[in-house]
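# Coordinates in review
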Amino acid sequence: MALRRTAIGLVAVGLCALASPIGDAFALDYPTRPVRFVVGYPAGGSTDIIARLIGQRLSERLGQQFVIENKPGAGNNIGTETVVKADPDGYTVLLVNPANYINATLYTNLNFNFIRDIAPVASFNRVPNVMTVAKEVPAKTVAEFIAYVKANPGKVNLASSGNGTSVHLSGEMFMAMSGAKMLHVPYRGSAPAITDMLGNRVQLIFDNMPSIIGHIRGGALRALAVTTVVRSPQLPDVPTVAETVPGYEASALFGMGAPIKTPPEIIEKLNREINAVLAEPDVKARLTELGGEPLIGSPEAFGAMIAAETEKWEKVVKYAGIKVE
């Protein structure tokens, strides 16, 4: 019996030894055909730009096209569900973005569970929103703005790019943590919201940096703070919200995900290649222009970030009392 157990053990060891080279060979050959890179937004926006930047460099490094497939709709859920239902073979991947973390609580009848059904591959970057006011608002600092809102109840409007967006919920988090209550005015995207900001029909927006920074630099609007924990190199003289409201953080975290049963060898290869792309000076410079420096790390580290973001936005969604059926 002892001899038999030894033999069985040796066979098991042998199979394990064979499994690693086979898996490594599989990853070595990948990809052998084009990869669908699904983006849950229309072409041309800052989210799409990030996906195309990373996708182009992966195409060049791996010898197969990473084809951007824009699938907007249902608050990003159509694109996400496309990837959830795709074959877990590494040939369909997802641009992970703030909507994924928010929608986990915001939508009550999703056909998927993001954390359960999407495997983290790699983080790309973390982009701040900018707390920006119309020129007619007298406040020059976050503290002055809080005092201004409290002194003018019912007269200050918070604009957003739509109900449940990170732009909206950044404002809801600010109201919850500062006690400065405003009327939320949702728009169909940032462009019409900014138009009304310029006309002083709304007074405050927490917009994504790429959308708003031109108006700030041109002097048409005034930045009071950025929403990341540290100041942004794009607006180095602008403080963080947290410098006045301790604990505030509302950045937009981007990365890549894949169907949950995608082979780990492929995920590891994609992670390694993405990290190499993020380390390239030209890519780093472009991501910094878009508002956030690269986040190089493991799939596990990105998974921990996703869990933290999901938990954070769950609290804000519940505070705001918003739901989408």
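In the block above lies the structure referred to throughout.
This section reports on the structure supplied with the text. (Residues numbered from 1 in each chain as written. Predicted model: local features only at pLDDT ≥ 70, side-chain atom pairs only at ≥ 80, totals over all residues. Heavy atoms only, no water.)

### Remarks on the overall build of the protein
When helices and strands are counted, the protein shows 12 helices and 10 strands. As displayed, the protein has an accessible area near 14,500 Å², and 58% of this comes from carbon and sulfur atoms. Here the protein holds 30 positive side-chain charges and 29 negative ones, and the gap between their average locations is 4 Å. (Helix = DSSP H or I, 4+ residues; strand = E, 2+ residues; numbered from the N terminus. Areas by Shrake-Rupley, 256 points an atom, 1.4 Å probe, with all protein chains shown as cover. Lys, Arg positive; Asp, Glu negative; His and termini not counted. Charge placed at Lys NZ, Arg CZ, Asp CG, Glu CD.)

### Description of the pairing of strand S8 (residues 204-208)
Consecutive residues of a regular strand have side chains that alternate between opposite faces of the sheet. Of all five residues making up S8, five are buried, and the element is well covered by its neighbours. Of the strand pairs in this sheet, strand S6 (residues 157-160) and S8 are connected by two bridges, and their pairing is parallel. Each bridged residue has a counterpart across the sheet, and for Leu158 the counterpart in S8 is Leu204. (Buried < 20%, exposed > 50% of the residue type's maximum accessible area, 1.4 Å probe, protein only. Pairing = 2+ DSSP bridges.)

### Comments concerning the side chain of Glu309
Positionally, Glu309 belongs in helix H12 (residues 299-320). In this structure Glu309 comes out as buried when scored by relative accessible area, which is 5%. Within polar-contact distance, the side chain of Glu309 engages the side chain of Arg126 at 3.1 Å. (Polar contact = N/O pair within 3.5 Å; in protein donor to acceptor, adjacent residues only side chain to side chain.)

### Considerations on the sheet that holds S6
The five strands are arranged S7-S6-S8-S5-S9 in an open sheet whose pairing can be described as mixed. Each edge of the sheet is formed by a strand with only one pairing partner; in this case those strands are strand S7 (183-186) and strand S9 (221-226). Averaged over all pairs of adjacent strands, the angle between strand axes in this sheet comes to 30 degrees, irrespective of strand direction. (Axes fitted to C-alpha atoms, helices over the stretch in contact; angles between N-to-C directions.)

### Examining the pattern of salt bridges
Following the criterion strictly, the structure yields 18 salt bridges and no others. Its salt-bridge partner being Arg126, residue Glu309 comes within 3.1 Å of it at the nearest N-O pair. Of the two residues, Glu309 is situated in helix H12 and Arg126 in strand S4 (residues 118-127); the sequence distance between them amounts to 183 residues. Of the residues examined, Arg126 reaches a relative accessible area of 23% and is grouped as partly exposed. The salt bridge involving Glu289 is made with Arg286; its shortest N-O contact spans 3.0 Å. Linking Glu289 with Arg286, this pair stays in helix H11 (residues 281-289), spanning three residues, or about one helical turn. Here Arg286 falls in the partly exposed class, since its relative accessible area comes to 32%. (Salt bridge = Lys/Arg side-chain N within 4 Å of Asp/Glu carboxyl O.)

### So, the sheet that holds S4
Taken in spatial order, the five strands make up an open sheet running S2-S1-S3-S10-S4, and their pairing is mixed. With one partner strand each, in any of the chains shown, strand S2 (66-70) and S4 form the two edges of the open sheet. In this sheet, adjacent strand axes meet at a mean angle of 25 degrees when their direction is disregarded. Here eight bridges tie S4 to strand S10 (residues 252-259), and the two strands are oriented antiparallel to one another. In the sheet register, Ala122 faces S10, and the bridge partner there is Met256. Packing of helix H3 (residues 77-84) onto the sheet brings it into contact with strand S1 (35-39), strand S3 (92-96), S4 and S10, and relative to S3 it is tilted by some 145 degrees. (Contact = heavy atoms within 4.5 Å.)

These values are about where atoms sit, not about what they do.
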